[in-house]
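One letter stands for each residue in the lines below.
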Amino acid sequence: MSQVSLFERLQTQEPQPSSATRTGNESFSGDIDQPVVAQPTAPIAGPSYNENHHVSAHFHSVPPQGRAFDGGMNPFDVLHEKNADEASVGTDGADRQILPIADMHGNPVHLPGDEQQQEMASLRNIDVDSEKGAPRSVIVAAFESFKYLYSSAVLITSVFMLMAALFSEQTLATTKKGMSPILSFFIFWLMICWLFMIEGGQGCLVGLQPIEKALYSETHPRTLDNISLCQKGNNMSRFIAGRQFLVVLAVYYLNLMFTTVADVDVLGLHSGLQAVFLTSGASLVLVTIMIGQLVAQVNAANCMLDFINNYFMLYCVTYTSLVVEFSGLLHSVYLVEAVFSKITGKPIGPQHSSRTATQNVFFWGRVLFSSLVMCFAAAVTVKAVFEGNTTTGLSSTVAVVLFFVLTCFIGLMEGVQIALFTVVNLSSDELGQHPRASKNCQLTFTGQNLQAFLVGRQICVTTCMFVLAQITTVDIEVGAETNIFGVSDGLQNFFNTGFLGALLTTVGASLGWRIVGYSFPIAFLSNPLINILIHLCLVVERTGLCSASWVLARYHKLVANYQPDTVYLEGAEPHSSEPVSRRDNDIDRLMTIIRFSASLGLLALSILMITASMFTEQTLSTKETGLPPALVFCVFWVLILLLAVMEGGQGCLVGLQPVHKDFYAASHPMAAKITNLVHAGDSMERFIVGRQFLVVLGIFLVNFMTSSVEGANVLSLPDIVNDIFLGTGAALILTTIILGQLTAQVNAACCLLDFTNSYFMLFVTYISLATEFTGILHSAYFFQRAFAKTSGRPIDSIESPRTAAQSLFFWARVLLSTCALSCALAITFSALLTGRTTTLKDTPPAIAFVVLLALMCFVGIMEGIQIALFAVLNLPEDDLKKSSVVYANCQLAFNGQNLQAFLIGRQICVTTCLFVIARITALDVEVGVGDNIFNVPDGVQEFFNTGLLGALVVTIVASLVWRVIASTFPFEFLSNPLVYFMIRLCLLLETSGLCSAAWVFGRWTKLAFRFQPDNVYFEKAAKHGKEPVTRRDKEVDVAIAVIKYCYSVALLIFCVTVVIASIFSEQTKMSEQVHPVFAFFLVAFLLVWIAMMEGGQGCLVGLQPVEKGLYKGSHPVAFKSTRIAHLGDNMERFLVGRQFLVVLAVFVCNMAGAALPGSSVLGLSDTMNSWVVESGVALILMTIVVGQLAAQINAADCMLDFINTHLMVFTTYASLGIEYSGLLHAVYLVQFVFSKLTGIPIESKEAAPNGAQSLFFWVRVSFSLFVLAYSFAVTLSALFNGNTTMWGGIPPSVSVVCFFVLMAAVGLMDGMQIALFAVVNLPEEELFPYHTAKKTCELVFKGTNLQAFLIGRQILVTICMFVVARISTVDIEIGLDDNIFDVPDILQRFFNTGLLGTVITTIFGSLAWRIMASAFPISFLSNPLVYLLVRACLLLDASGVCSSAWLLALIHKQVAGLQPDEFYIGTYMENKGFVDVELPSSESVSDSTSDPDPPSSVESKELSIGIPESIDHVKSIEIAV
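Residues numbered from 1 in each chain as written. Predicted model: local features only at pLDDT ≥ 70, side-chain atom pairs only at ≥ 80, totals over all residues. Heavy atoms only, no water.

Broken down by element type, the protein chain carries 69 helices and 0 strands. With 1521 residues in all, the protein chain has 55% of them scored as buried. Of the contacts made within the protein chain by residues no fewer than 6 positions apart, 84% connect residues no fewer than 24 positions apart. For the protein chain, the exposed area adds up to about 61,700 Å²; of that, 64% sits on carbon and sulfur atoms. (Helix = DSSP H or I, 4+ residues; strand = E, 2+ residues; numbered from the N terminus. Buried < 20%, exposed > 50% of the residue type's maximum accessible area, 1.4 Å probe, protein only. Contact = heavy atoms within 4.5 Å. Areas by Shrake-Rupley, 256 points an atom, 1.4 Å probe, with all protein chains shown as cover.)

Next up, the structure:
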């Protein structure tokens, strides 16, 4: 029987994705998350470690896993991650799991089953089944993620501030108790851990009572000890009583020890922030609740066996709780219990055996003792509170009131829980007799309210306990103040511990009220305050303040390797790191987004700081060698590019070894040339050796060229930021790892052919082979042969034996390399020990030397671990078990996705160390100033200073030699105990997500360079496009989308704030001349009106084919608009008038909201004021997002609801009125001219006009022409005289040119839209003769580009309109400047309104271009500028600058209750044939989307001003979702 390897077992036990969720790319690296190990058609087949194993297998064998010199093993080439976007393993039930609750006697409370839940829910007509796993809206999901995010931020802030106060000795423990910060630190976290175990342990002990002990006695012996102890007699109720006191005592001591002093000041934070978090005690409360309580309860809810399977629970919680109860301190509660038992007639719990007389005496003696202690504690506490001798800073009156109020509040909270679970199984009829109690039960047991109530109750109770602890903890300075009741100093010191207050709180505010709630549950729940308290708990929980506990619980479960009890009790599938519930999915998605975002942010900052240091000449190359910054910049990026090609190229060449060259010789000639060169003889080995040196040399050169000088300061950033990123070299290291290594390896893992098919790779191949040929690295072969002799394993070669001459040449190079290595070591160590390297200043040479040796060993071990792991990859598991250390290391490395994570983390570690080694070993001898090393000539010394010697030493000593050792003795290598910790370190580094940006850039570069997986060429698989193929792709896309949304929303909020600030500080034209309030409401109204016009147009166009009787009753206001707009040619008239109104609204909005020159708001810098405020960017962005895109998104498929408003009726009449006035009739003249030129008739739905109508029409055309001409004359006169609102400093001639250029741009973009939809149904053959038009259509109609183009076009058009408004709005100060053409003042004021510019822009910059595009669509699209504008629109949409529009649209849709039109008329439309069609794509450009018989050529189309009259066209134009 064949033996199974550990790797195979660990990988096969992972749950595999179902066939329904696979992407179909598993066969050959179509998925960067699951490529084969560089073998397109073969499974992983690493070499086995046995007697016949040859060292040469690590140089020449086809399987690459065990190569000694394969230093660039691609971390992404051995992935085993599932590639589908899989469903969760479990169900949402895991989210609703609550910690088992005990009744008054420690028995588990049985929650109602489905029948009882349905019965309870029926009282409020709630469908319980519908709530289980009910779908969420995007906003709800986003809000849940936001709660996790802000709660985690609050928790992290609280922990940091609390620890800062502790270590700066600003807590009571360090100031009053004289405790050292270190001791305080350990005590604090010990208390939190104790509280953690107490809170989770109780539920576990209660919940496991019904479980047969034999099911877990062997797997969980400590759990068995705990359960056996608590189930003896009445020990469970005793445990609960003692445990309750321990919880209160822990809270009291946390408050006593770690409350901060009144004048606390940490981290230089704002005083308000410190008051909120530290002075108020909020940070201590939050840390205690989230880490000390809720996290434990979350995991203990379904991992009970694992949670209490430890000695800490047994001795520190279970035994301690029972001892506390046995002491009799709390026995007074049994007196209360006995009294209420007599009153209600309810028996007191099960008695396993009656007490003897002695036991009774002992019991009642403790009851008496407890009662006396309680009375004394109450007397001491009340006296201290009345006299103001407690730790609270409140007045005695307030303290007394709060004491009683909080005691009652906590008591009510404790009693509510017991009362609710006491009546949980009562019938609805019995409960219905008590309306208030029934109402409270309905509220609590509906949906997930029970869990929310318990979480909120925990938060409220613990918070109140902290406040109560401050009120009841006695604080009398012994020796300075009079002791209470004149007790001794020792007893007073005991009072000051807060022990009495804890005792009083436990009995008086907890256990006593529980007995009341248990004895009179219905009466307790009939208290009107209970409903308020339940609502309070629900509100507290839903604020998400403590949602971070779910995040911590998720990671605590993974770290502690907790498994649900069903795994042990029912043999269920063990949980892995995969999410098992929707909450897990939410948390994992959020953490992924945070990792991507943080990594991208760090990378962007690093690149910015590196570039700034270059151009400010604060790098070693610019400052010390005098190289020009531009040259350094170019060299740096060339080196990064070369590193990327080398890192990715090696994996490609190794992976292509088994593939026959004929498969890709024709499609990838350059790749075939390279592989023919490398795969010949032993050239693969030579390439790897030479490439390794080039990688190290590249890193050394990057360090030499771009390392910052000491004290570098860029971008006015704080010193600490400059020190971290530039001083330590972190920015350089991060950039090199992400862009120069990992990004290339991501794509090279699955796109081997495309990656190597370049001249860059050919250059790298030649130079790698040439480097090896020089013999400078041949000393590595000496070590190879030495270890081959030692191990008795021959070195195989696929070349014929060397001739004598070849052997002589080989050994001569080995001798040369050995001499060069010895010389390099001597020179490097000499310079290092004399302090003449670039190592950090003030570092003693001896320390630097030790650090160098340690780092080279570290790098060597890291290099060797990789080789050794792949050497034992396929060993039988029994062989690995011969060494416990090796087995533990392999278990850790081969488990789940750990191998991939290790390789990524290893890459980060190795590169980081190489940069540090480069600093240590790079010589820094100033030629001509001091003595050269060994008195060599200046030229040689300058060569030494390049760092080449250090690169040689590192390549051989810290890399190749260790690989040979690991390749020869893999088992022994992995027996090193340090290996385990190094693997752990690598896993931790990868988990941190520090370099997660590599996945993002990998996805982008794959799209940019159009890399395709190799199975596209080998197996004719479908090509990859923009759509995500793997789960990782989807994660990247989701993360980028979220980043876009977040920064777009932040930008929108900032812009709205800036505009409002400009208005109310009277720094806009209208707010200055009229009033800020008027200007504000005018801008608000205009935005709403623009939104209605933008969305309403599409609605009216799209509703034309729909029978109006279908919505006349449901949408009467919408019917009014469509009835008038769809009458005759009114639709065309509406479009003309609406276009003018939109432009007019934009012009007026510019007057009311655009900031005046020199404006300054919110204390922003001059640069920010110039870019955002004065330029009008803030107003433009606000108008685009709020006034246009958000409306168009909802209007795309909610047409009826959108226009069912009286504002739309007003807009319709106003548009028709504007058109009727004749102001814009000049556009019809243009329409007639183009109709004559093209021969395309102007069709009309109305009868031919009579003589009077024709006369009236042409009079209006003449009037419009006169207005247009006069508007041009006035506007151009004002422009040439500099009398417009154009920004200052721009010459009039430039303003005129900009005016016409921008209007042409607006016209082009308006015409592009019409032209594109005019040719959407043309057969593709008709576009072939028009190369530019065809290229433009292919670009626009590909994938989702049409939607992206329409969004980008809207942004560009609006920007241009605002700038045109600035340019063309006349600005002449009446009475001071000469009026244009000496017109009267009143007429000049009219000119100043900007109305003339509106007329020009509407006719000349929009409608006329639409007619041209409608008449000559192909010619229009053949303009090369059109293609460039499409690209600009796509780029604008991809930037995500207006992504917030989608969020606003979603909010508006849910708030306004907008429904898709199919909700009202869908069935009828389907029956009539009006069925929605997908957006046209390049594959279906000839599909019909409008008429049943679409025209086959442009000539048969109607000459149009507006948008094509098709529902689907409108939905495309209006940004169909």
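At a closest axis distance of 8 Å, the pairing of helix 29 (residues 629-655) and helix 33 (residues 730-748) adopts a crossing angle of 35°. Judged by the twist between their axes, the crossing of helix 29 over helix 33 is right-handed. Residues Phe 636, Trp 637, Ile 640, Leu 643, Ala 644, Glu 647, Gly 648 and Cys 652 of helix 29 form the contact with helix 33, whose participating residues are Leu 732, Thr 735, Thr 736, Leu 739, Gly 740, Gln 741, Ala 744, Gln 745 and Ala 748. (Axes fitted to C-alpha atoms, helices over the stretch in contact; angles between N-to-C directions. Left-handed = near helix turned anticlockwise from the far one by under 90°.)

What follows covers the pattern of salt bridges. Overall, the coordinates contain 21 salt bridges when judged by the stated rule. Here Glu 414 and Arg 514 are joined by a salt bridge, their closest N and O atoms 3.0 Å apart. Taken together, the positions of Glu 414 in helix 17 (residues 396-422) and Arg 514 in helix 22 (residues 499-519) put the pair 100 residues apart, joining distant regions of the chain. Pair check on accessibility: Glu 414 and Arg 514 agree, each one buried. Each of the salt bridges in this network shares a partner with another, and the network as a whole consists of Glu 414, Arg 457 and Arg 514. (Salt bridge = Lys/Arg side-chain N within 4 Å of Asp/Glu carboxyl O.)

Spanning 15 residues, helix 35 (residues 759-773) covers 21 Å between terminal C-alpha atoms, matching the ideal 21 Å at 1.5 Å per step. Along helix 35, the residues that are buried comprise Met 761, Leu 762, Val 764, Thr 765, Ser 768, Leu 769, Thr 771 and Glu 772. Here the buried face of helix 35 lies against helix 29, helix 30 (669-678), helix 31 (683-706), helix 34 (752-756), helix 36 (779-791) and helix 37 (804-833). (Expected span 1.5 Å × (residues − 1).)

Averaged over the protein chain, the pLDDT score is 83; the fraction of residues at 70 or greater is 87%. This model gives residues 14-94 a pLDDT under 50, and the stretch forms 258 contacts once residues within four places in sequence are excluded. Overall, residues 113-133 carries pLDDT values under 50, and its contacts beyond four positions in sequence, including any with other chains, amount to 32 contacts. (pLDDT = per-residue confidence, 0-100.)

With that settled, consider the side chain of Ser 1159. Structurally, Ser 1159 can be placed in the loop between helix 52 (1130-1153) and helix 53 (1166-1174). The exposure class of Ser 1159 is buried, given its relative accessible area of 4%. From its side chain, Ser 1159 meets the backbone oxygen of Gln 1067 in a polar contact 3.4 Å long. Not counting residues up to four positions away in its chain, the partners in contact with Ser 1159 are Gln 1067, Asn 1169, Val 1173 and Glu 1174. (Polar contact = N/O pair within 3.5 Å; in protein donor to acceptor, adjacent residues only side chain to side chain.)

It is worth spelling out the packing of helix 59 (residues 1292-1318) against helix 66 (residues 1424-1439) at this point. For any two helices packed against each other, the geometry is given by the interaxial angle and the distance between the axes. In the contact formed by helix 59 and helix 66, the axes pass within 11 Å of each other and the chain directions differ by 90°. Of the possible angle classes, the one that applies to helix 59 and helix 66 is roughly perpendicular. Residue-level inspection shows Leu 1308, Met 1309 and Met 1312 of helix 59 in contact with helix 66, the latter providing Leu 1425, Val 1426, Leu 1429, Val 1430 and Cys 1433. Looking at the contact of helix 59 with helix 66, its residues break down into 8 nonpolar, no polar and no charged. (Parallel < 35°, antiparallel > 145°, perpendicular 65-115°, else oblique. Nonpolar A, V, L, I, M, F, W, Y, C, P; charged D, E, K, R; others polar.)

Turning next to the environment of Asn 449. Among the structural elements, Asn 449 can be located in helix 20 (residues 449-472). A relative accessible area of 10% means that Asn 449 is categorised as buried. Put simply, Asn 449 and His 535 are 86 residues apart on the chain and 9.7 Å apart in space, counted from C-alpha to C-alpha. The residues touching Asn 449, leaving out its near neighbours within four places in the chain, are Leu 443, Thr 444, Leu 538 and Arg 542.

What follows deals with the packing of aromatic side chains. Tallied over the full model, the rule gives 56 aromatic pairs. The interplanar angle of 40° and the centroid separation of 5.8 Å between the aromatic rings of Tyr 334 and Phe 363 together place this pair among those described as tilted. Pair noted here: Tyr 334 is in helix 15 (residues 332-344) and Phe 363 is in helix 16 (residues 357-386), with a separation of 29 residues, a long-range link. Residues Tyr 334 and Phe 363 agree in their burial class; the two are buried. A centroid spacing of 5.7 Å and a plane angle of 55° characterise the contact between Phe 773 and Phe 809, whose relative ring orientation is tilted. Here Phe 773, found in helix 35, pairs with Phe 809, found in helix 37; they are 36 residues apart in sequence, far enough to count as distant. Ring pairs connect the aromatic residues Phe 245, Phe 376, Phe 485, Phe 494, Phe 495 and Phe 499, which therefore count as one cluster. (Phe/Tyr/Trp six-rings, centres within 6.5 Å; stacked < 30°, edge-to-face > 60°.)

Taken as a whole and judged by the stated rule, the model has 0 disulfides. You can see Cys 652 has no disulfide; the closest cysteine sulfur is in Cys 751, sitting 8.5 Å from it. Taking relative accessible area as the criterion, Cys 652 reaches 0% and is therefore assigned buried. For Cys 750, which is in no disulfide, the shortest distance to another cysteine sulfur is to Cys 751 and amounts to 3.6 Å. (Disulfide = S-S within 2.5 Å.)

In this section: a positive patch on the surface. Residues Arg 1010, Lys 1026, Lys 1335, Lys 1342 and Arg 1431 make up a contiguous surface patch of positive charge. Summarising the element assignment, Lys 1026 is placed in the loop between helix 47 (1015-1018) and helix 48 (1031-1064). Note on Lys 1026: relative accessible area 57%, which makes it exposed. (Patch = residues over 30% accessible without salt bridge, like charges linked within 9 Å, V, L, I, M, F, W, Y side chains within 5 Å. Lys, Arg positive; Asp, Glu negative; His and termini not counted. Charge placed at Lys NZ, Arg CZ, Asp CG, Glu CD.)

The terminal C-alpha atoms of helix 43 (residues 948-968) lie 29 Å apart, and with 21 residues this matches the ideal 30 Å at 1.5 Å per residue to within 8%. The sharpest bend along helix 43 reaches about 30° and sits at Leu 960. Buried residues dominate helix 43, accounting for 17 of its 21 residues. (Bend = angle between axes of the 7 residues up to and from the residue.)

Phe 687 and Ile 865 are the most contacted members of the largest nonpolar core, which totals 131 residues. Examining the composition of this core, we find that 14 residues originate from one element, helix 41 (residues 898-921), more than from any other. Apart from residues no more than four positions distant in its own chain, Phe 687 is found in contact with Gln 650, Leu 653, Val 678, Met 761, Val 764, Thr 765, Ser 768 and Leu 769. Counting 123 residues, the second-largest nonpolar core is a separate cluster that includes Phe 258, Ile 291, Leu 450 and Phe 466. (Core = buried A, V, L, I, M, F, W, Y, C linked by side-chain atoms within 4.5 Å.)

Moving on, we get to the environment of Ala 437. Of note, Ala 437 is situated in helix 19 (residues 435-445). Exposure remark for Ala 437: the relative accessible area of 0% places this residue in the buried category. Along the backbone, Ala 437 and Pro 528 are 91 residues apart, and their C-alpha atoms lie at a distance of 9.0 Å. With residues near it in sequence (within four places) discarded, Ala 437 still touches Ile 522, Leu 525 and Ser 526.

Let's shift gears to a nonpolar patch on the surface. Taken together, the side chains of Tyr 1045, Val 1186, Leu 1447, Leu 1448, Ile 1451 and Val 1455 present a nonpolar region at the surface, about 460 Å² in accessible area. If one sorts the elements of the nonpolar patch by residue count, helix 67 (residues 1444-1456) sits on top with 4 residues. Along the chain, the position of Val 1186 falls in helix 54 (residues 1177-1195). Taking relative accessible area as the criterion, Val 1186 reaches 32% and is therefore assigned partly exposed.

Moving on, we come to a negative patch on the surface. A grouping of Asp 1371, Glu 1373, Asp 1377, Asp 1378 and Asp 1382 is seen on the molecular surface, where their side chains present a negatively charged patch. Looking at the element boundaries, Asp 1371 is found in the loop between helix 62 (1345-1368) and helix 63 (1385-1392). The class of Asp 1371 is partly exposed, set by a relative accessible area of 36%.

The residue Glu 169 is not glycine, and still its phi comes out positive at about 55°. Topologically, Glu 169 is positioned in the loop between helix 6 (138-167) and helix 7 (172-175). On the basis of relative accessibility, which here comes to 45%, the residue Glu 169 falls in the partly exposed class. Of note, Asn 935 is a non-glycine position whose phi angle comes to about 60°, a positive value. With respect to the element layout, Asn 935 can be found in the loop between helix 41 and helix 42 (938-944).

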